[in-house]
Amino acid sequence: MKFADLHLHTQFSDGTFTPEELVLRAQNSGLACIALTDHDTVEGCARAEAACAAVKMEFITGAELTAEHKDTEVHVLGYFLDTQNQVLLEKIAKFQSVRQSRIHEMVAALNKLGVPLTAEAVFALANCKSPGRPHVARALVKEKLIGNLDEAFEKYLKKGRPAWVPKTKMSALESVELIHQAGGLAVMAHPGLNRTDDIIPDLVDAGLDGIECFHTKHSTVMAERYLEIAEKYDLLVTGGSDCHGFSKKAPLIGTVRVPYAYVEKLYAAQKTATTDAHR
Ligand code: AMP
Ligand code: FE
Ligand code: FE
Ligand code: ZN
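Calculation notes
Residues numbered from 1 in each chain as written. Chains lettered and ligands numbered in written order. Predicted model: local features only at pLDDT ≥ 70, side-chain atom pairs only at ≥ 80, totals over all residues. Heavy atoms only, no water. Helix = DSSP H or I, 4+ residues; strand = E, 2+ residues; numbered from the N terminus. Rg over C-alpha atoms; globule rule 2.2 N^0.38 Å. Buried < 20%, exposed > 50% of the residue type's maximum accessible area, 1.4 Å probe, protein only. Areas by Shrake-Rupley, 256 points an atom, 1.4 Å probe, with all protein chains shown as cover. Lys, Arg positive; Asp, Glu negative; His and termini not counted. Charge placed at Lys NZ, Arg CZ, Asp CG, Glu CD. Phe/Tyr/Trp six-rings, centres within 6.5 Å; stacked < 30°, edge-to-face > 60°. Pairing = 2+ DSSP bridges. Contact = heavy atoms within 4.5 Å. Near = heavy atom within 4 Å. Polar contact = N/O pair within 3.5 Å; in protein donor to acceptor, adjacent residues only side chain to side chain. Nonpolar A, V, L, I, M, F, W, Y, C, P; charged D, E, K, R; others polar. Donors = N, O, S within 2.8 Å, 3.2 Å for Na, K, Ca; no water.

**Student:** What am I meant to see in the overall build of the protein here?
**Tutor:** What the protein contains, in helices and strands, is eleven helices and ten strands. Since a compact globule built from 279 residues should have a radius of gyration of about 19 Å, the 18 Å found for the protein is in line with a globular shape. Counting only C-alpha atoms, the protein reaches 55 × 40 × 40 Å along its principal axes. Expressed as a percentage of the 279 residues in the protein, the buried residues total 52%. Carbon and sulfur atoms provide 53% of the accessible area of the protein, an area that totals close to 12500 Å². Measuring between centres, the 31 positive side-chain charges of the protein sit 6 Å from its 36 negative side-chain charges.

**Student:** Can you walk me through the packing of aromatic side chains in this structure?
**Tutor:** Working definition: an aromatic ring pair is given by the centre-to-centre distance plus the angle between the planes. Scanning all chains against the criterion turns up three aromatic pairs. The interplanar angle of 80 degrees and the centroid separation of 5.8 Å between the aromatic rings of Phe17 and Phe246 together place this pair among those described as edge-to-face. Of the two residues, Phe17 is situated in the loop between β1 (3-5) and α1 (19-28) and Phe246 in the loop between β9 (236-240) and β10 (258-259); the sequence distance between them amounts to 229 residues. Judged by relative accessible area, Phe17 falls into the buried class, the value being 4%. For Phe246, a relative accessible area of 47% puts it in the partly exposed group.

**Student:** Any chance you could explain the sheet that holds β10 here in plain terms?
**Tutor:** Hydrogen bonds along the backbone pair up the strands of a sheet, which may run parallel or antiparallel. Strand order in this open sheet of four strands is β3-β2-β1-β10, and the pairing throughout is mixed. Lying at the two open borders of the sheet, with one neighbouring strand each, are β3 (58-60) and β10. Of the strand pairs in this sheet, β1 and strand β2 (residues 33-35) are connected by two bridges, and their pairing is parallel. Counterpart to Ala4 in the pairing with β2 is Cys33.

**Student:** Whenever I open this one, helix α7 (residues 172-181) confuses me. Can you help?
**Tutor:** Residues lying three or four places apart along an α-helix face the same way, a consequence of the helix completing one turn every 3.6 residues. Looking only at α7, the buried set comprises Ala172, Ser175, Val176, Leu178, Ile179 and His180. Its buried side turned inward, α7 meets β4 (62-69), β5 (72-79), α3 (86-112), β6 (170-171), β7 (185-188) and α9 (200-205). One or two positions beyond α7, positive phi appears at Gly183, with a value near 80 degrees.

**Student:** When you look at the side chain of Thr16 in this model, what are you seeing that I'm missing?
**Tutor:** With respect to the helices, strands and loops of the structure, Thr16 is situated in the loop between β1 and α1. Its relative accessible area of 17% is what places Thr16 among the buried residues. Setting aside residues up to four positions removed in sequence, Thr16 forms contacts with Gln11, Glu21, Arg138, His244, Gly245, Phe246 and Ser247.

**Student:** Would you mind going over unusual backbone geometry with me for this structure?
**Tutor:** Of all residues except glycine, most have a negative phi; of all peptide bonds, most are trans. Positive phi outside glycine occurs at Asp40, with the angle close to 50 degrees. Note that Asp40 resides in the loop between β2 and α2 (45-54). Residue classification places Asp40 among the buried positions, given a relative accessible area of 3%. For Lys56, which is not glycine, the phi torsion reads 60 degrees and is therefore positive. Checked against the element boundaries, Lys56 lands in the loop between α2 and β3.

**Student:** I keep staring at the site of ligand 1 and nothing clicks. Help me out?
**Tutor:** Inspection of the region around ligand 1 gives Asp14, His39, Arg99, Arg102, Gly132, Arg133, Pro134, Phe153, Lys167, His244 and Lys248 as its neighbouring residues. At 3.5 Å from an oxygen atom of ligand 1 is found a side-chain nitrogen or oxygen belonging to His39. Here an oxygen atom of ligand 1 and a backbone polar atom of Arg133 are 2.8 Å apart. For ligand 1, whose free accessible area comes to 500 Å², the fraction covered by protein is 79%. Across the shell around ligand 1, the residue classes tally to two nonpolar, three polar and six charged.

**Student:** So what exactly am I meant to see when it comes to the coordination of the iron ion (ligand 3) here?
**Tutor:** When a metal carries six donors in an octahedron, the ideal angles between them are 90 or 180 degrees, while four donors in a tetrahedron ideally lie at 109.5 degrees. Taken together, Glu64 (OE), His75 (ND1) and His190 (NE2) make up the protein donors of the iron ion (ligand 3), found 2.0 to 2.2 Å from the metal. One chain supplies every donor to the iron ion (ligand 3), and in sequence these donors are spaced E-x10-H-x114-H. A separation of 5.8 Å is found between the iron ion (ligand 3) and the iron ion (ligand 2). Here His75 lies in strand β5 and Glu64 lies in strand β4, a separation of eleven residues in the sequence. Given a relative accessible area of 0%, Glu64 falls into the buried group. His75 sits in the buried class, given a relative accessible area of 13%.

Structure (structure tokens):
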């Protein structure tokens, strides 16, 4: 049987692997297909695609867009995105710039607390256009200003903690539209993580194509509930490990294995979408 991991991050956002390292690990995990879903960027896709082609692994372009609906943060995965789509690139560039400004704000908040971290240290470590809290956490650990990543979130960076800074996000409905106009399928990421079931009907009305049922932080019971929801709303089913390399405790790639039949359904839906002029 063939398996896929459709939720992965690299150094182009807050993962620690290069696209090439990620593909090597995917190969070692026996995966037949992967999708790259970095936060608010598609920059890593070209390299991941080339690395996959070299080892004859299937690759699906993607991104995980940070969005919100009714004051709830929701992550929307875009699959089969045209990585050259100008509207998409302009829009995500704007949110990358929001992310960069937010690093300055988080560092300023830390400085106010007497923690001598510099924004330069965070940017040097992140070395990407889409930096986030995990980079601040890693910089704090690297500069020996905190013991470990968990502590950094618990003490400073978690929502409500003193160095947490809210992030301007696009609306979830807008993110679905943005993904569609870039030729992609829009999938709600890890609904069980943010407990956002109540917003699913609104997203479905906006044209949501799928829902991530299988995820590292979804229990079997949760996965089953989302499979039922997918059935109820006629949504595609996806899943993935949400591997961030060593930015989380351990690399997760290969720990969530999505049966390939679901990937086939994605391809079929993608084909229908691109031939449907009224979309
Ligand atoms: P940001 O996009 O900057 O708000 O950061 C979100 C990233 O931080 C995601 O990859 C999360 O998985 C990660 N994250 C959020 N909360 C925690 C936490 N308590 N411990 C470790 N990582 C976290
Ligand atoms: Fe992340
Ligand atoms: Fe996410
Ligand atoms: Zn993710």
